[in-house]
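Fold and geometry: a report
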Amino acid sequence: LIPALRPLCDLLIVLSHLGHSLAASTATVLDAGDVELAESLPTGSIDLIVGGHTHQALNENGLQVANIVNGVPIVQAGAQGRFLGEVDMTVGRRVTVTSARLTLVADLPVDEEFERQEVQPLVEQVRPLFARSLGWVADHPDLTTYAVHTGFASGESALANFVTGAIVARCRAAGHAVSLAAIDASCMYQGLPAGGELTFGDWFDLMPYGDTVRLCQMTGAELQALLDDNARRADRPGEPHTERGFLQFSDQLRYTIELGDSRDQAQAKGIVLDGVPLVEQLERSLLVAFTRFCREAALPWERYATQTLGMPCTDLLEASYTETDLLVRDEMITYILENGGVTTEGGARRDGRLKILE
């Protein structure tokens, strides 16, 4: 398209969601990022790349030479509206990017007139939706924000049990014959008001992301390898917690993690799937439901594990998978309404499916 567009344009700017580069560690970049794109283009063919996906705060203190690739400046303004990114471009015989900068939104003065005329009417429109009651929240400590932030990879989670059970139920209702489901902490931002009323706003705060369901085809042997990999990602006593992409599974699966003396010695033991030892089902074909961004946030740890610790890591993208149009948040809301909230009866409880032994 560039040769067709260039003669018609004073400025030619690429708005990209590729991610910054293949070397980025904050999200998976497939095939090429903005850096590789800029390197591949004829010099002078575009004037600027405004990027996203990898959530990097580029050029916070002015345009950096490292972010000019093949003469093309690359800018990106972090995530979740924390920064306002600005680029100045001068148009003459040639186009010149003369400055780029990021400003913390928290440091900007409030435009009271804009707030009153534009923002508040939108807030008033959505307020009834966010206040809508979805039922009640079971009084369980695993459902709190503290548990989500500190204990997701430390053992069985009643909240994860509820979510994985809901994903299985909703996938099957949509005609997908899933064998089980798995999530990591990336799909949950915070917890719930345990023991209180549940509103749509509460659930949106827990699950603000546009995650969809991804279906992966794998064998029993591949699931066994995934569980051994998962054992090496569990939080260990005395070690700082970081995001390693630890998976929590639906109740079709039951197993024990033996941590061993070091992380590379951790193993999954006593694995039972649908009441039958997994060792007897290694050739069985399984359809496993994951959330779309599962393990994306674990990329920095995975690189450390493979390059520094020499440990293998299972790449879920190497499995045969298909994307669905099932939005996780919407499917969860349906399931919550069917069960009167995030209830014990709906699956918000521990049932012994996962044990972690030191």
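Here is a short report on the structure shown in this document. The written sequence of each chain sets the order in which its residues are numbered from 1. Local features in this predicted model are restricted to residues of pLDDT 70 or higher, and side-chain atom pairs are both shown and tallied only at a pLDDT of 80 or more, whereas totals for entire chains, interfaces and linings draw on every residue. Working from all heavy atoms in the structure, the side-chain values ignore hydrogens and water.

1. Comments concerning the overall build of the protein
Strands here mean DSSP runs of E at least two residues long; helices mean DSSP runs of H or I at least four residues long; both are numbered from the N terminus. Scanning the protein from N- to C-terminus turns up nine helices and 18 strands. When the backbone C-alpha atoms are referred to their principal axes, the protein occupies close to 75 × 50 × 45 Å. The proportion of buried residues among the 358 residues of the protein is 44%. Contact between two residues is taken to exist if any of their heavy atoms lie within 4.5 Å; hydrogens are not considered. Across the protein, the fraction of contacts at a sequence separation of at least 24, relative to all contacts at a separation of at least 6, is 71%. With a 1.4 Å probe rolled over the protein chains alone, any residue whose accessible area is under 20% of its type maximum counts as buried; one over 50% counts as exposed, and the rest are partly exposed.

2. Some remarks on the state of the cysteines
The disulfide criterion used throughout: a pair of cysteine sulfur atoms within 2.5 Å. All chains considered together, the criterion is met by zero disulfides. Between Cys216, a cysteine without a disulfide, and Cys294, which holds the nearest cysteine sulfur, the sulfur-to-sulfur distance is 8.6 Å. The exposure class assigned to Cys294 is buried, which follows from its relative accessible area of 10%.

3. Here's the deal with helix α8 (residues 299–307)
Along α8, the positions that sit buried rather than exposed are Leu299, Trp301, Glu302 and Ala305. The buried residues of α8 occupy an angular sector of 155 degrees when projected down its axis, which confines them to one face. In this description, the arc belongs to the directions extending from the helix axis to the C-beta atoms.

4. Observations concerning the nonpolar core
Grouped together as the largest cluster of nonpolar side chains are 39 residues, with contacts concentrated most on Val163, Met188, Trp203 and Val342. Mapped by element, the contributors of at least two residues to this core are β7 (133–137), α5 (158–173), β8 (180–183), α6 (200–206), β10 (212–219), β15 (285–291) and α9 (328–338). Ranked by residues supplied to this core, first place goes to α5 with nine residues. Once you skip the residues sitting within four places of it in the chain, Met188 turns out to touch Val148, Phe152, Leu159, Val163, Ile183 and Leu206. Only buried Ala, Val, Leu, Ile, Met, Phe, Trp, Tyr and Cys residues count toward a nonpolar core, and they belong to the same one when joined by side-chain atoms within 4.5 Å. Counting 29 residues, the second largest nonpolar core, distinct from the first, contains Met218, Ala234, Leu253 and Leu278.

5. Details of the sheet that holds β15
Consider a sheet: its strands pair through backbone hydrogen bonds, and that pairing is either parallel or antiparallel. Here five strands make up an open sheet; going across it, the order is β11-β8-β15-β10-β16 and the pairing mixed. In this open sheet, the two edge strands, each paired with only one partner strand, are β11 (248–249) and β16 (320–327). As paired strands, β10 and β15 are joined by seven bridges and run antiparallel to one another. Following the sheet pairing, Val213 is matched in β15 by Thr291. If DSSP finds at least two bridges between two strands, the strands pair.

6. Looking at helix α7 (residues 220–231)
Owing to its 3.6 residues per turn, the α-helix aligns residues three or four sequence positions apart on the same side. Taking 1.5 Å as the rise per residue, α7 with 12 residues should run 16 Å; its terminal C-alpha atoms sit 17 Å apart, in good agreement. Taken as a whole, α7 has its buried residues at Gly220, Leu223, Leu226, Leu227, Asp229, Asn230 and Ala231. In the core, the buried residues of α7 are packed alongside β10, β11, β12 (253–258), β13 (267–273) and β15. For a helix, the expected span equals 1.5 Å multiplied by the residue count minus one.

7. Describing a nonpolar patch on the surface
A patch consists of residues whose relative accessible area exceeds 30% and which take part in no salt bridge; residues with like charges are grouped when within 9 Å of each other, and nonpolar side chains (Val, Leu, Ile, Met, Phe, Trp, Tyr) when within 5 Å. Computed with a 1.4 Å probe, the accessible areas rest on the Shrake-Rupley method; for each residue, only the protein chains presented here act as cover. Criterion for a salt bridge: a side-chain nitrogen of Lys or Arg within 4 Å of a carboxyl oxygen of Asp or Glu. Residues Leu11, Ile13, Leu15 and Val91 make up a contiguous nonpolar surface patch of about 360 Å² in total accessible area. Its location among the elements puts Val91 in strand β5 (residues 83–91).

8. Some points on the side chain of His53
Residue position: His53 is located in the loop between β2 (48–50) and β3 (68–69). Only 2.8 Å separates the side chain of His53 from the backbone oxygen of Thr28, close enough to count as a polar contact. When sequence neighbours within four positions are dropped, the list of residues in contact with His53 reads His17, Leu18, Gly19, Ala27, Thr28 and Gln76. The definition of a polar contact used here is a pair of N or O atoms within 3.5 Å, where within protein one atom must be able to donate a hydrogen and the other to accept one, and adjacent residues in sequence count solely through side-chain atom pairs.

9. Details of the environment of His149
Inspection of the secondary structure puts His149 in helix α4 (residues 145–150). Overall, the relative accessible area of 53% leaves His149 in the exposed class. Separated by 13 residues in sequence, His149 and Trp136 place their C-alpha atoms 22 Å apart.

10. What to know about the packing of aromatic side chains
Paired rings are identified among Phe, Tyr and Trp, the last through its six-membered ring, by centres lying within 6.5 Å, and are further divided according to the angle between planes into stacked (under 30 degrees), edge-to-face (over 60) and tilted (the rest). A full pass over the atoms with the stated rule returns six aromatic pairs. For the pair Phe130 and Phe204, a centre-to-centre distance of 5.2 Å together with 70 degrees between the ring planes defines the contact as edge-to-face. Taken together, the residues span a long stretch of sequence, with Phe130 in helix α3 (residues 112–131) and Phe204 in helix α6 at a distance of 74 residues. Among the residues examined, Phe204 registers a relative accessible area of 27% and is labelled partly exposed.

11. Re unusual backbone geometry
Backbone geometry at Asn70 places phi at a positive 55 degrees, although glycine is not the residue there. For Asn70, the position within the fold is in the loop between β3 and β4 (72–75). Relative accessible area serves as the criterion here: at 30%, Asn70 is assigned to the partly exposed category. For Gln80, which is not glycine, the phi dihedral falls at a positive 60 degrees. Locating Gln80 in the fold gives a position in the loop between β4 and β5. A relative accessible area of 55% means that Gln80 is categorised as exposed.

12. What about a negative patch on the surface?
Neither His nor the chain ends contribute to the count of charged residues, in which Lys and Arg are positive and Asp and Glu negative. Here the site of a charge means NZ on Lys, CZ on Arg, CG on Asp, or CD on Glu. A contiguous patch of negative charge, built from Asp111, Glu112, Glu113 and Glu115, is present on the exposed surface. By the element assignment, Asp111 lies in the loop between β6 (95–104) and α3. Take Asp111: its relative accessible area is 46%, and that puts it in the partly exposed class.

13. What to know about the sheet that holds β7
One open sheet accounts for three strands, arranged β9-β7-β17; its pairing is mixed. Because the sheet does not close on itself, it has two edges, and the strands there are β9 (197–199) and β17 (341–342). Strand direction decides the pairing type here: β7 and β17, joined by two bridges, are parallel. Across the sheet, Val137 pairs through a bridge with Val342, a residue of β17.

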